[in-house]
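Here is how the chains run, residue by residue.
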Amino acid sequence: FFVCIGTGISAAVVQCSITQNRIQKDNIKLQLFDKRYQVYKVVLDSKTLLKRNNWGRYVLLKGNDISSQMIDIEEKLYNATQLSVLLFNYTITQKMLGVNNMFCRVAEKYKQLLIVGNDLLKTQEDKFEFTQVLSKYITSKETVDDNIEYINQVKAQFPEVYIHIMEFSASCDDYLAFIEQNNIIRDMAKEIII
């Protein structure tokens, strides 16, 4: 009788430990998925932020929110890059280093654009003049690349600002091209599956 009870208890303990082990494995998979997805989402968020062709309209509507988004994405990308070493294979980790470096260039160009804008548009008259040019562009509902009149007007009236706008735009294009060429989003998506 005691042997049967002992064997039954042992079987129940083994069954509980097997179930507990399975639950722990599933929990680890979910935690791993969650961490990998956070890294993946940061790359997607950075792409979404820079893919906007309507910066003028967006800044007009959101104000300084764009600066806080840039800083936030820059910080999150740095942290995600460090975390990717533990979560992804070597290839994805190397791509994440490239993504982080490219976004740092974009953020630097954005900061330079803000500094130049503040330095060159000091007077109310300069700000008003620039706002007039910008408002024509905004009401045109065209992208910066499509609105040649806007580009020529900024180039003629505000050459320093124009240079920095174009440098920022080029760094955004380089970043987006880097992401597409390296297929990092596709590669990460394969890794985050549960």
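For the structure, see preceding data.
Cut-offs used in this document
- Residue numbers here run from 1 along each chain, matching the order of that chain's written sequence.
- The predicted nature of this model means local features are confined to residues of pLDDT at least 70 and side-chain atom pairs, given and counted, to a pLDDT of 80 or more, with totals for whole chains, interfaces and linings taken over all residues.
- Remark: hydrogens and water are excluded; side-chain values derive from all non-hydrogen atoms of the structure.
- Accessibility here uses a 1.4 Å probe with only protein chains present; expressed as a share of the type maximum, an area under 20% marks a residue as buried, one over 50% as exposed, and anything in between as partly exposed.
- By definition, any uninterrupted DSSP run of H or I lasting at least four residues is a helix, any uninterrupted run of E lasting at least two residues is a strand, and each is numbered from the N terminus.
- The arc in question is the one traced by the directions running from the helix axis out to the C-beta atoms.
- Patches here are clusters of residues that have more than 30% relative accessible area and form no salt bridge, with a 9 Å joining cutoff for like charges and a 5 Å cutoff for nonpolar side chains (Val, Leu, Ile, Met, Phe, Trp, Tyr).
- All accessibility values rest on the Shrake-Rupley procedure with a 1.4 Å probe; residue burial counts only the protein chains present in the view.
- Note on definitions: salt bridges are taken to be side-chain nitrogens of Lys or Arg within 4 Å of carboxyl oxygens of Asp or Glu.
- Any two rings among Phe, Tyr and Trp, with Trp reduced to its six-membered ring, count as a pair given centres within 6.5 Å; such a pair is stacked if its planes are under 30 degrees apart, edge-to-face if over 60, and tilted if neither.
- Take the buried Ala, Val, Leu, Ile, Met, Phe, Trp, Tyr and Cys residues and link them wherever side-chain atoms come within 4.5 Å; each set so joined is a nonpolar core.
- Here a residue-residue contact requires only that any non-hydrogen atoms of the pair lie within 4.5 Å.
- What qualifies as a polar contact is a pair of N or O atoms within 3.5 Å, subject to a donor-acceptor requirement within protein and to the restriction that residues adjacent in sequence count only when both atoms come from side chains.

Caption draft 1: Looking closely at helix H6 (residues 148-157). Tyr150, Ile151 and Val154 are the residues of H6 that are buried. The buried residues of H6 all sit within an arc of 100° when viewed along its axis, so they share a single face. Away from its buried face, by an angle of more than 90 degrees, H6 presents the exposed residues Glu149 and Ala156.

Caption draft 2: Highlighting a nonpolar patch on the surface. Together, Ile5, Ile9 and Val13 make up an exposed nonpolar region whose accessible area comes to about 260 Å². You can see isoleucine 9 is positioned in helix H1 (residues 2-50). The class for isoleucine 9 is exposed, based on a relative accessible area of 52%.

Caption draft 3: Focus on the packing of aromatic side chains. The final tally for this structure, using the stated rule, is 4 aromatic pairs. Note on phenylalanine 33 and tyrosine 37: the rings are 5.9 Å apart at their centroids and 20° apart in plane angle, and the pair reads as stacked. In this pair, phenylalanine 33 and tyrosine 37 both sit in helix H1, 4 residues apart, roughly one turn of the helix. Using a relative accessible area of 29% as the deciding quantity, one classes phenylalanine 33 as partly exposed. Centre to centre, the rings of phenylalanine 103 and tyrosine 175 are 5.4 Å apart; their planes meet at 70°, and the pair counts as edge-to-face. Of this pair, phenylalanine 103 sits in helix H4 (residues 90-120) while tyrosine 175 sits in helix H7 (residues 159-182), and the two are 72 residues apart along the sequence. For phenylalanine 103, a relative accessible area of 1% translates into the label buried.

Caption draft 4: Just the nonpolar core, in detail. Membership of the largest hydrophobic core comes to 42 residues, with the highest contact counts inside it found for Leu50, Leu77, Met96, Phe103, Tyr175 and Met188. Those elements that provide at least two residues to this core are H1, helix H3 (65-87), H4, helix H5 (124-140), H6, H7 and helix H8 (184-191). Per element, the largest residue contribution to this core is 10 residues, and it comes from H4. In this structure phenylalanine 103 touches Ser46, Leu49, Leu50, Met70, Ile73, Glu74, Leu77 and Tyr175, once residues within four positions along its chain are discounted.

Caption draft 5: How the structure looks around the side chain of glutamate 74. Tracing the sequence through the fold places glutamate 74 in helix H3. One polar contact links glutamate 74 to lysine 111, side chain to side chain, over a distance of 3.4 Å. Apart from the residues lying within four places of it in its own chain, the contact partners of glutamate 74 are Asn100, Phe103, Cys104, Ala107 and Lys111.

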